[in-house]
Amino acid sequence: MHILVTNDDGIHAPGIAALSTALRKIDGARVTVMAPAQNQSAAGHRKTLHDPMRIKPATLMDGTTGFACSGSPADAIALALLGYVKDKVDIVVSGVNQGANLAQDITYSGTVTAAMEAAIAGIPAIAVSLDSHTDPAFEAAAAFAAKIAPLVQQRGLPPLTLLNVNVPYGEIKGVKVTRQGHRIYLDELVERIDPLGQPYYWIGGERPSGHFEEVGTDVWAVAQGYISITPIRLDMTDMDFVKTVESWNLGA
Ligand code: MN
């Protein structure tokens, strides 16, 4: 099994070192790492079309080597799968991200969108995130990724579907298969004045909250201390709403 590993925190982040270390311990597994050179958290599903990209060898925190790419996490996967990585890739694992990727987060997350890029390319993919912004203990999340990766490779995933895995901070009560919940963002516009007297802007505010009471969701499961596994489809069509939009009679 040839595993391609990436992340959005950058190739020098502790989470990707923990992940690749854990995946290398799988019987018969081989790991290639290709990740952004810099932190690209919340980069979204960006495809670089108007700038050249560079790829350089880099050393991870665990002393192993990988490839650092100047593009987004999705670019890293695209470059690898389009032929930079010569050997056939069987599965893509993205993470372990510092911070959960729940509910609407997945549209921002470079960790998840890298897995989406793999799904578009027809490769089974798993995104893995740890629900802590401070604790560097990624081992449990990495070990869980190593547990499910062979299963996913063996059983496969439906087309254009990936698994979004979130691991709680602290004691783990078990595993729940979930649906997407709802985040509550607490973003605030921050305006400051630069040394030349011009205003600049920042998206500030507190970290997001969420509807923790919605049983069965990713937001709920992680808050309860469970590992959350959400199957995510790239087909985002709201089928329930299709008939309503049809009833607007917009056609000629
Ligand atoms: Mn990140």
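Residues numbered from 1 in each chain as written. Predicted model: local features only at pLDDT ≥ 70, side-chain atom pairs only at ≥ 80, totals over all residues. Heavy atoms only, no water.

Caption draft 1: Up close: the overall build of the protein chain. Of regular secondary structure, the protein chain possesses seven helices and 13 strands. By its C-alpha atoms, the protein chain is 55 × 55 × 50 Å across when sized along the principal axes. Relative to its 252 residues, the protein chain shows a buried fraction of 47%. Within the protein chain, contacts between residues at least 6 apart in sequence are counted, and of these 76% link residues at least 24 apart. Accessible surface for the protein chain amounts to roughly 13400 Å². Of this, 55% is attributable to carbon and sulfur atoms. Charged side chains in the protein chain number 19 positive and 26 negative. The centres of these two groups are separated by 8 Å. (Helix = DSSP H or I, 4+ residues; strand = E, 2+ residues; numbered from the N terminus. Buried < 20%, exposed > 50% of the residue type's maximum accessible area, 1.4 Å probe, protein only. Contact = heavy atoms within 4.5 Å. Areas by Shrake-Rupley, 256 points an atom, 1.4 Å probe, with all protein chains shown as cover. Lys, Arg positive; Asp, Glu negative; His and termini not counted. Charge placed at Lys NZ, Arg CZ, Asp CG, Glu CD.)

Caption draft 2: Geometry of the coordination of the manganese ion. At 2.0 to 2.2 Å from the manganese ion lie its protein donor atoms, namely Asp8 (OD), Asp9 (OD), Ser41 (OG) and Asn97 (OD1). Sequence spacing of the donors to the manganese ion: D-D-x31-S-x55-N. Of this pair, Asp8 sits in the loop between β1 (2-6) and α1 (14-24) while Asn97 sits in strand β5 (residues 91-98), placing them 89 residues apart in sequence. Classification of Asp8 as buried rests on a relative accessible area of 2%. According to the relative accessible area criterion, Asn97 is buried, its value standing at 5%. (Donors = N, O, S within 2.8 Å, 3.2 Å for Na, K, Ca; no water.)

Caption draft 3: Highlighting a nonpolar patch on the surface. Taken together, Phe241, Val245, Trp248 and Leu250 make up a surface patch of nonpolar side chains, about 420 Å² in accessible area. Taking the relative accessible area as the measure of exposure, Val245 reaches 32% and is therefore partly exposed. (Patch = residues over 30% accessible without salt bridge, like charges linked within 9 Å, V, L, I, M, F, W, Y side chains within 5 Å. Salt bridge = Lys/Arg side-chain N within 4 Å of Asp/Glu carboxyl O.)

Caption draft 4: Helix α7 (residues 239-247), seen in detail. Taking the backbone nitrogen of Asp240 as reference, a side-chain oxygen 3.2 Å away marks Asp238 as the first, capping residue of α7. Backbone geometry just downstream of α7 places Asn249 in the positive-phi region, at approximately 50°. (Polar contact = N/O pair within 3.5 Å; in protein donor to acceptor, adjacent residues only side chain to side chain.)

Caption draft 5: Spotlight on the pairing of strand β2 (residues 30-36). With respect to burial, β2 is a largely interior element, six of its seven residues being buried. In terms of handedness, the path from β1 via α1 over to β2 forms a crossover that is right-handed. Both β2 and strand β4 (residues 65-69) contribute to a ladder of three bridges, which runs parallel. Residue pairing across strands places Pro36 opposite Cys69, the latter belonging to β4. (Right-handed = clockwise from strand over helix to strand, strands pointing away. Pairing = 2+ DSSP bridges.)

Caption draft 6: The nonpolar core, seen in detail. Counting 36 residues, the largest nonpolar core has Ile3, Leu23, Val93, Ile126 and Val165 as its most contacted members. In terms of residues, this core owes the most to one element, helix α5 (residues 139-155), which gives eight residues. Not counting residues within four places of it along the chain, the set of residues in contact with Leu23 comprises Ile3, Val5, Ala29, Val31, Val93, Ala145, Ala146 and Ala149. Of all hydrophobic cores here, the second largest spans 22 residues; its members include Leu4, Ala76, Val89 and Ala118. (Core = buried A, V, L, I, M, F, W, Y, C linked by side-chain atoms within 4.5 Å.)

Caption draft 7: Geometry of the packing of aromatic side chains. Summed over the entire model, instances satisfying the criterion amount to four aromatic pairs. Ring centres 5.7 Å apart and planes at 80° place the aromatic pair Tyr108 and Tyr185 in the edge-to-face group. One end of the pair, Tyr108, is in helix α3 (residues 105-108); the other, Tyr185, is in the loop between β9 (183-184) and β10 (187-193), and 77 residues separate them in sequence. Ring centres 5.9 Å apart and planes at 85° place the aromatic pair Phe241 and Trp248 in the edge-to-face group. The exposure class assigned to Phe241 is partly exposed, which follows from its relative accessible area of 39%. By relative accessible area, which is 48% here, Trp248 ends up partly exposed. Its guanidinium or amino end placed over the ring of Tyr226, Lys176 lies 4.6 Å from that ring's centre, counting from NZ or CZ. (Phe/Tyr/Trp six-rings, centres within 6.5 Å; stacked < 30°, edge-to-face > 60°. Lys NZ or Arg CZ within 6 Å of the ring centre and 35° of its normal.)

Caption draft 8: Structural context of the pairing of strand β6 (residues 125-130). The buried fraction of β6 is high, at six of six residues. Of the two faces of β6, the one carrying Ala125, Ala127 and Ser129 and the one carrying Ile126, Val128 and Leu130 are both buried. As judged from the five bridges shared by β5 and β6, these two strands associate in the parallel manner. Note that in β6 the partner of Val92 across the bridge is Ala125. When β6 meets strand β7 (residues 161-167), the two strands line up parallel, connected through five bridges. Counted as the bridge partner of Ile126 is Leu163 from β7. Read as a crossover between parallel neighbours, the route from β6 over α5 to β7 is left-handed.

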